[in-house]
Amino acid sequence: MTGITIALSKGRIFDETLPLLAAAGIVPVENPETSRKLIIGTNRDDVRVVIVRATDVPTYVQYGAADLGVAGKDVLIEHGGEGLYQPLDLNIAKCKMMVAVPEGFDYARAVRQGARLKVASKYIKTAREHFAAKGVHVDLIKLYGSMELAPLAGLADAIVDLVSTGGTLKANKLVAVEEIMPISSRLVVNQAALKLKRETLAPILDAFAGAVKKD
Ligand SMILES: Nc1ncnc2c1ncn2[C@@H]1O[C@H](COP(=O)(O)OP(=O)(O)OP(=O)(O)O)[C@@H](O)[C@H]1O
Ligand SMILES: O=P(O)(O)OC[C@H]1O[C@H](OP(=O)(O)OP(=O)(O)O)[C@H](O)[C@@H]1O
């Protein structure tokens, strides 16, 4: 494949990457929300977009099935980042990785007393490192979604999840008790492609860098 393949997930990453693509003169010809196509052409013959799950973006780029992609810091930490060059924080899809517990659960006290906590999360690596650094004993339970349900259903004492407006926590009578880290999405580039396709990739990377919104 001589052209450029860009891996994106549909939803907020696709939507928030569109202006950056536009700055590089790239306009997808279809909207993944309405099209069932997984390979979407662009106005440029040499550039296409592949639509994958958010958690699969690093894998496509790592193995060179995509030359570049956009992935959340949350996803990149869990993936490990092997084979990926991460040149740019795009400052999009911003939220926070947080520890949350049911309203009324005294998290600080449980930690002080050295209690062993059951923590459910999709972000096991992040959670493990966070609690290890704090010296908190945890049993981690891997989930793939709807973390907020876990404490309500009696599966866990706490969750580690992404929080933006706080609306999801509130709707489920949970409160955030600790921020683990701020999250935004990064541009990820296949390391071999960066060398082999430098001439085509460099102007795209430069355009992205110029279009990133600062806080
Ligand atoms: N509420 C939010 N506000 C802002 N950014 C968010 C929010 N939730 C997630 N994100 C960021 O957007 C990225 C993509 O989220 P999205 O909801 O599209 O995928 P997902 O459902 O988490 O992933 P998958 O489909 O692989 O399970 C996340 O990896 C995270 O970095
Ligand atoms: O603090 P809030 O603004 O409520 O956002 C937090 C929610 O967003 C993410 O889920 P997901 O991406 O599935 O949901 P969304 O697309 O509705 O934000 C995350 O896993 C939380 O459940």
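Thresholds, definitions, all that
- Per chain, residues are indexed from 1 in the order of the written sequence.
- For this description, chains carry letters from A and ligands carry numbers from 1, given in the order in which they are written.
- With pLDDT at 70 or above as the cut-off, local features in this predicted model cover only qualifying residues; side-chain atom pairs require 80 or more to be listed or tallied, and sums for whole chains, interfaces and linings still use all residues.
- As a rule here, side-chain values cover all heavy atoms of the structure and leave hydrogens and water aside.
- What marks off one domain from the next here is an automatic or database domain assignment.
- The contact criterion used throughout is that any non-hydrogen atoms of two residues lie within 4.5 Å.
- A 1.4 Å probe defines the accessible area here, and the buried area is the portion of it lost by two parts on being joined, summed over both.
- A carboxyl oxygen of Asp or Glu within 4 Å of a side-chain nitrogen of Lys or Arg is what we treat as a salt bridge.
- For this classification, the nonpolar set comprises Ala, Val, Leu, Ile, Met, Phe, Trp, Tyr, Cys and Pro, the charged set comprises Asp, Glu, Lys and Arg, and every other residue, Gly included, is treated as polar.
- UniProt positions are given in the numbering used here, feature names are shortened, and annotations may be inferred rather than shown by experiment.
- Each helix is a run of H or I in the DSSP string that is no shorter than four residues. Each strand is a run of E no shorter than two, and both are numbered from the N terminus.

**Student:** Even after reading the chapter, I still don't get the domain arrangement of the chain, so can you show me in this structure?
**Tutor:** Size of an interface: often given as the accessible area lost when the parts come together. Looking at the chain, the domain boundaries give domain 1 (4-93 + 184-211) and domain 2 (95-182). One C-alpha centre belongs to domain 1, the other to domain 2; they are set 30 Å apart. At the junction of the two partners, domain 1 supplies eight residues and domain 2 supplies 10 residues. Approximately 720 Å² of surface area, both sides summed, lies buried where domain 1 meets domain 2, with 53% of it carried by carbon and sulfur atoms. The largest share of the area that domain 1 buries against domain 2 comes from D74, I77 and E78, three residues that together contribute 65% of it. Seen at the junction of domain 1 and domain 2, the total is zero salt bridges. Here the side of domain 1 that touches domain 2 is composed, by residue class, of two nonpolar, three polar and three charged.

**Student:** What exactly am I supposed to notice about the UniProt feature "domain: ATP phosphoribosyltransferase catalytic" (unreviewed entry) in the chain here?
**Tutor:** The positions UniProt marks with the feature "domain: ATP phosphoribosyltransferase catalytic" (unreviewed entry) are residues 53-208. The distance from the first to the last C-alpha atom of residues 53-208 is 22 Å, and the span holds 36% helix and 33% strand.

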